[in-house]
Amino acid sequence: GGGGGTDSEQELAHVAETVDDGSLSPILPPATSTQQTIKSFLSGIEANPVGKYCVLGLLFFIWYSSNTIFNVYNKVALQAFAYPLTVSVVQFGVSALFCCALWLLKIQTPPRLTKRVTRLALPIAALHSAGFLLTNTSLSSVSVAFTHTVKATEPFFSAALSPIILRTVPTWGPMLALFPIVGGVALASFTELSFTWVGFLSAVGSNVAFQSRNVLSKKIFRESDAPLDNVNLFALMSIIGMAILAPFSMAQAVFTPFVATIPNAELARLLFLGGICRCADVLVSYMILQRVSPVSHSVGNCMKRAIVICSSVVIFQTSMPFLNVVGTVIALVGVLVYSLVTQACKHNYFGADHPMCRPVYELELTGGAGI
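Quantities reported herein were computed from a predicted structural model and do not represent experimental measurements. Position labels on residues start from 1 in each chain and follow its written sequence. Side-chain atom pairs in this predicted model are given and counted only at pLDDT of 80 or more, local residue features only at pLDDT of at least 70, and totals for whole chains, interfaces and linings cover all residues. To get the side-chain values, all heavy atoms of the structure are used, and hydrogens and water are removed first.

**Here's the deal with the packing of helix H8 (residues 172–190) against helix H13 (residues 322–346)**
Step number 1: Orientation of H8 relative to H13, taken along the N-to-C sense of each, is 160 degrees, at an axis distance of 7 Å. Here H8 is positioned roughly antiparallel relative to H13, judged by the angle of their axes. Crossing angle aside, the handedness with which H8 passes H13 is left-handed.
Step number 2: Residues are grouped as follows: Ala, Val, Leu, Ile, Met, Phe, Trp, Tyr, Cys and Pro are nonpolar; Asp, Glu, Lys and Arg are charged; all remaining types, including Gly, are polar. Of the residues contributing to the contact of H8 with H13, the split by class is 16 nonpolar, 7 polar and no charged. Axis definition: a line fit to C-alpha positions, over the contact stretch in the case of helices; interaxial angles, taken between N-to-C directions, run 0 to 180 degrees. Secondary structure follows DSSP: runs of H or I at least 4 residues long count as helices, runs of E at least 2 residues long count as strands, and numbering of each begins at the N terminus. Each angle is binned into one of four classes, with values under 35 degrees roughly parallel, values over 145 roughly antiparallel, values of 65 to 115 roughly perpendicular, and all other values oblique. We call a crossing left-handed when the near helix sits turned anticlockwise from the far one by less than a right angle, and right-handed when that turn is clockwise.

**Looking at the state of the cysteines**
Step number 1: In plain terms, two cysteine sulfur atoms within 2.5 Å form what is called a disulfide here. A complete count under the given rule lists 1 disulfide for this structure.
Step number 2: Put simply, cysteine 345 and cysteine 357 are joined by a disulfide, and their sulfur atoms are 2.2 Å apart. Residues cysteine 345 and cysteine 357 are joined through a disulfide that is left-handed, its torsion about the S-S bond being -85 degrees. Taken as a pair, cysteine 345 in helix H13 and cysteine 357 in the segment after H13 lie far apart in primary sequence, 12 residues in all.
Step number 3: Here cysteine 279 is not disulfide-linked; the sulfur of cysteine 99 is the nearest cysteine sulfur, at 5.5 Å.

**Considering a nonpolar patch on the surface**
Step number 1: A contiguous nonpolar surface patch, about 500 Å² in accessible area, is contributed by Trp172, Leu176, Phe179, Val360 and Tyr361.
Step number 2: Within the element layout of this structure, tryptophan 172 appears in helix H8.
Step number 3: Note on classification: 1.4 Å probe, protein chains only; a residue is buried when its accessible area is under 20% of the maximum for its type, exposed when over 50%, partly exposed between these limits. Classification of tryptophan 172 as partly exposed rests on a relative accessible area of 40%. Only residues whose relative accessible area exceeds 30% and that form no salt bridge are eligible for patches; like-charged ones are grouped when within 9 Å, while nonpolar side chains (Val, Leu, Ile, Met, Phe, Trp, Tyr) are grouped when within 5 Å. Shrake-Rupley sampling with a 1.4 Å probe provides the accessible areas, and residues are treated as covered by the protein chains on show and by no other component. Should a side-chain nitrogen of Lys or Arg be within 4 Å of a carboxyl oxygen of Asp or Glu, the pair is scored as a salt bridge.

**Points about the environment of proline 247**
Step number 1: Here proline 247 shows up in helix H10 (residues 230–255).
Step number 2: Once the C-alpha coordinates of proline 247 and valine 89 are considered, the two residues, 158 residues apart in sequence, prove to be 9.6 Å apart.

**Observations concerning unusual backbone geometry**
Step number 1: With a phi close to 60 degrees, lysine 106 is a non-glycine residue in the positive phi region.
Step number 2: Mapped onto the fold, lysine 106 is located in the loop between helix H4 (84–104) and helix H5 (115–141).
Step number 3: Positive phi is not limited to glycine here, since glutamine 317 has a value of about 50 degrees.
Step number 4: Secondary-structure assignment places glutamine 317 in the loop between helix H12 (294–315) and H13.
Step number 5: What makes glutamine 317 exposed here is its relative accessible area of 70%.

**Re the pattern of salt bridges**
Step number 1: Under the definition given, this model contains 5 salt bridges.
Step number 2: The salt bridge involving lysine 151 is made with glutamate 154; its shortest N-O contact spans 4.0 Å. With respect to class, lysine 151 is no different from glutamate 154; both count as buried.
Step number 3: What emerges from the salt-bridge pattern is a single network uniting Lys151, Glu154 and Arg305.

**Thoughts on the side chain of serine 143**
Step number 1: Along the chain, serine 143 turns up in the loop between H5 and helix H6 (144–150).
Step number 2: Here phenylalanine 146 takes part through its backbone nitrogen, which lies 3.1 Å from a polar atom of the side chain of serine 143.
Step number 3: We call two residues in contact whenever any of their non-hydrogen atoms come within 4.5 Å of each other. In this structure serine 143 touches Lys75, Glu192, Ser194 and Thr318, once residues within four positions along its chain are discounted. A 3.5 Å cut-off defines polar contacts: any pair of N or O atoms within that distance qualifies, except that in protein one atom must be a possible hydrogen donor and the other a possible acceptor, and neighbouring residues in sequence count only when both atoms are side-chain atoms.

**Describing the packing of aromatic side chains**
Step number 1: Aromatic contacts are taken between Phe, Tyr and Trp rings whose centres are within 6.5 Å, Trp giving its six-membered ring; a plane angle under 30 degrees counts as stacked, one over 60 as edge-to-face, and the others as tilted. Under the criterion given, the structure shown has 13 aromatic pairs.
Step number 2: Each ring, one from phenylalanine 195 and one from phenylalanine 200, has its centre 5.8 Å from the other, and the planes form 40 degrees; the classification is tilted.
Step number 3: Residue class for phenylalanine 195 comes out partly exposed when judged on its relative accessible area of 26%.
Step number 4: For phenylalanine 200, a relative accessible area of 19% puts it in the buried group.
Step number 5: Ring pairs connect the aromatic residues Phe146, Phe195, Trp197 and Phe200, which therefore count as one cluster.

**Digging into the confidence of the model for the protein**
Step number 1: Note: pLDDT gives the predictor's confidence per residue, expressed from 0 to 100. Residues with a pLDDT of 70 or more make up 84% of the protein, whose mean pLDDT is 82.
Step number 2: Within the protein, the lowest mean pLDDT, 38, falls on helix H1 (residues 5–14), and the highest, 94, falls on H4.
Step number 3: Under a pLDDT of 50 for its full length, residues 1–28 has, in the predicted model, 60 contacts with residues more than four places off or in other chains.
Step number 4: Throughout residues 364–371 the model reports pLDDT below 50, and contacts reaching past four residues in sequence, or to other chains, amount to 26 contacts.

In structure tokens form, the structure reads like this:
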């Protein structure tokens, strides 16, 4: 879309835009002294082109490795302790403690909590907790590779929900890119050796919940002036998510005594370290988004999913038939194409009249083409 620098700055102060992995664009609160010190330190390094690329490379390494470690630890924990509800509560608790530590150390400015802010965050947090729980339910039932292959259909649900909630008009390029995504996931599903309906439907349900969260958060923050940046929103989602799920976990413990196949100390270590890695994954993703374009971030996110799938196949020695591999690759390539075409249309890289960026149905587009 258009607009001068001042308008863009005002828009960033109030609008949380989503990218295809659910990250929010960098909306920063007033910096604390600790934040300013860290920013000055990084700026000094990044003043040199070599230092800039070294910092960016380190951030991408932390992003990929933390997400991979989280998924591996999460899967090992769920194999030994098949209670995804309780695992989700514990990981929300770790995220909440991590964010509280950021506030206490003055690395992050705490949010100004009001009834209005809490009311706005509540439905987003409810969808976030449902999506996270369903992801863990899928991981407890099928392989990590298959869960993440199914979760590659996120753009499909984003494209389906955006016109309904945001009243945006879908364009031909992104719509056509959905076909290889859906086709690849279908092929991978038909040939998946660990396939279960619980695992498949849970992964699909997590996509619905997470994409509903993304679209709803975009709508809410577009229409309000809530002083809530992305890090604090993540903190509130974790705290509220833990509060929502904890009573159900305690009720489950009453009727179904928990049994773990590994020592409790080892289980606690896996869940704690996995939760820390999950926080690092989210927060470093925000830092990268401040340094690269949305297109580069989308490509990086596609690579991250591919790395998680490949790493899990090696670590867990997952058997994948040839057609399963083909389906997974097609789906991931489809996600990459979808991300690139969506950003190109959104920023008019092709031009507003390009066939790929024309609306699927006739409504006037404002502020640039594309969804």
